[in-house]
Amino acid sequence: MDKQRDGVPGSFKYCFDPVCLTALTIYLANRWFMKPHWGAYISFFPDYLNDFLCIPLFLPPVLLVNCLLGVRQRSRYPTAFELLFHLVVWSVCFEVVAPLFSAVFHTTAGALDVAAYALGAGVAGLVWGSWRHGRLAGVWHGRSPARFRRGEDVRTPIVFP
Amino acid sequence: MFCRVCYYDLRGLSEPRCPECGTQFNPADVTTYLMEVPDLRAQSLRRIAWMLAIALVAAFLIMVHLVPSFFFGPPSSGH
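Predicted, not measured: the structure shown is a model, and the values here were computed from it. (Residues numbered from 1 in each chain as written. Chains lettered and ligands numbered in written order. Predicted model: local features only at pLDDT ≥ 70, side-chain atom pairs only at ≥ 80, totals over all residues.)

Enquirer: Could you clarify how one ought to interpret the packing of helix 4 (residues 80–97) of chain A against helix 6 (residues 111–132) of chain A in this entry?
Expert: Packed helix pairs are characterised by how far apart their axes lie and by the angle those axes make with each other. All names here are of chain A. It is at 10 Å that the axes of helix 4 and helix 6 come closest, and there the two elements cross at 160°. Here helix 6 runs roughly antiparallel to helix 4, going by the angle between their axes. Here the hand of the crossing between helix 4 and helix 6 comes out right-handed. Facing Ala80, Leu83, Leu87, Trp90, Ser91 and Glu95 of helix 4, the residues of helix 6 in contact are Asp113, Val114, Tyr117, Ala118, Ala121 and Gly125. For the contact of helix 4 with helix 6, the class distribution of residues is eight nonpolar, two polar and two charged. (Axes fitted to C-alpha atoms, helices over the stretch in contact; angles between N-to-C directions. Helix = DSSP H or I, 4+ residues; strand = E, 2+ residues; numbered from the N terminus. Parallel < 35°, antiparallel > 145°, perpendicular 65-115°, else oblique. Left-handed = near helix turned anticlockwise from the far one by under 90°. Contact = placed C-beta atoms within 7 Å. Nonpolar A, V, L, I, M, F, W, Y, C, P; charged D, E, K, R; others polar.)

Enquirer: Could you clarify how one ought to interpret the environment of Ser91 of chain A in this entry?
Expert: Residue and element names in this part refer to chain A. Checked against the element boundaries, Ser91 lands in helix 4. You can call Ser91 buried: it has 20 C-beta atoms within 10 Å. Ser91 sits 23 residues away from Val114 along the chain, and the two C-alpha atoms are 6.0 Å apart. (Buried ≥ 20, exposed ≤ 12 C-beta atoms within 10 Å, placed from the backbone.)

Enquirer: Looking at this structure, I do not really get the environment of Pro27 of chain B. What am I missing?
Expert: Its location among the elements puts Pro27 of chain B in the segment before helix 1 (40–66). Along the chain, Pro27 of chain B and Arg11 of chain B lie 16 residues apart, while their C-alpha atoms are 9.6 Å from each other.

Enquirer: Just checking my understanding: could you explain unusual backbone geometry for this structure?
Expert: In most cases, non-glycine residues show a negative phi, while peptide bonds are predominantly trans. The phi dihedral of Tyr14 of chain A is positive, around 55°, even though this residue is not glycine. Looking at where Tyr14 of chain A falls in the secondary structure, it is placed in the segment before helix 1 (18–38). Classification of Tyr14 of chain A as buried rests on a count of 20 C-beta atoms within 10 Å. Even without a glycine there, the phi angle at Tyr7 of chain B is positive, about 65°. Looking at the element boundaries, Tyr7 of chain B is found in the segment before helix 1.

Enquirer: Looking at this model, I keep getting lost on the nonpolar core. Mind explaining?
Expert: The tendency in soluble globular proteins is for nonpolar side chains to be buried as a group. Counting 36 residues, the largest nonpolar core has Ile55 and Phe58 of chain A as its most contacted members. At ten residues, the largest contribution of residues to this core is made by helix 3 (residues 49–68) of chain A. (Core = buried A, V, L, I, M, F, W, Y, C linked by C-beta atoms within 7 Å.)

Enquirer: Help me understand helix 6 of chain A in this model?
Expert: What sets the pattern is the α-helix's 3.6 residues per turn: residues three or four places apart point alike. Residue and element names in this part refer to chain A. Between its first and last C-alpha atoms helix 6 spans 31 Å; for 22 residues at 1.5 Å apiece the expected length is 32 Å, and the two agree. Among the residues making up helix 6, those that are buried are Asp113, Ala116, Tyr117, Gly120, Ala121, Ala124, Gly125, Trp128, Trp131 and Arg132. Projected down its long axis, helix 6 carries its buried residues within an arc of 165°, all on one side. Among the exposed residues of helix 6, those oriented more than 90 degrees off its buried face are Ala111 and Leu126. (Expected span 1.5 Å × (residues − 1). Arc of directions from axis to C-beta.)

Here it is, written out as structure tokens:
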């Protein structure tokens, strides 16, 4: 049964999810700014940042396809099973299968790449899990989380002079 | 005759209420209960198979078409 609370404002927005959009922003910043400027000094940007962003960036659109095909419930935040499932499948694809065709994909296998996938999945899972259980619900609407959970509307009215 | 919510066996009950989850049902109305328990295991396996197929297609698209340089730079770049 879906444990997502009814009181959580909004629902999972797939490609427009804040985590996905943040990952996309970081990816574009890395591609056009961080990697060219800082890549020579900090090897994390050219080597592992894209791996870190893999799950937060690609899982929401993939889950949208799942939703459109009726495989998952609409508007439900990603579950731990979905995160782990895609982490394992994509790790095998990118780090086991793709290196077998290294002439095509120009890639080699690396345990740290899998660690980066897992770290990204863990961070995204923590955020999505927090929103699913309402711990950050108020933050998303600019309210106090504790007061939001108690059902108190703490929005400050705009007073014009 | 099973509960629509928790699939509890409702046969032989004295009152039209599921003792497991409290859902009420009408023995005269077949839409308020299930005649058979759905095969949850088969449903789960079918769902996982679809998820796997979609994940593999997505991985293939990521590797080949969508963003070819996303993960895969030259081998010397550390990947």
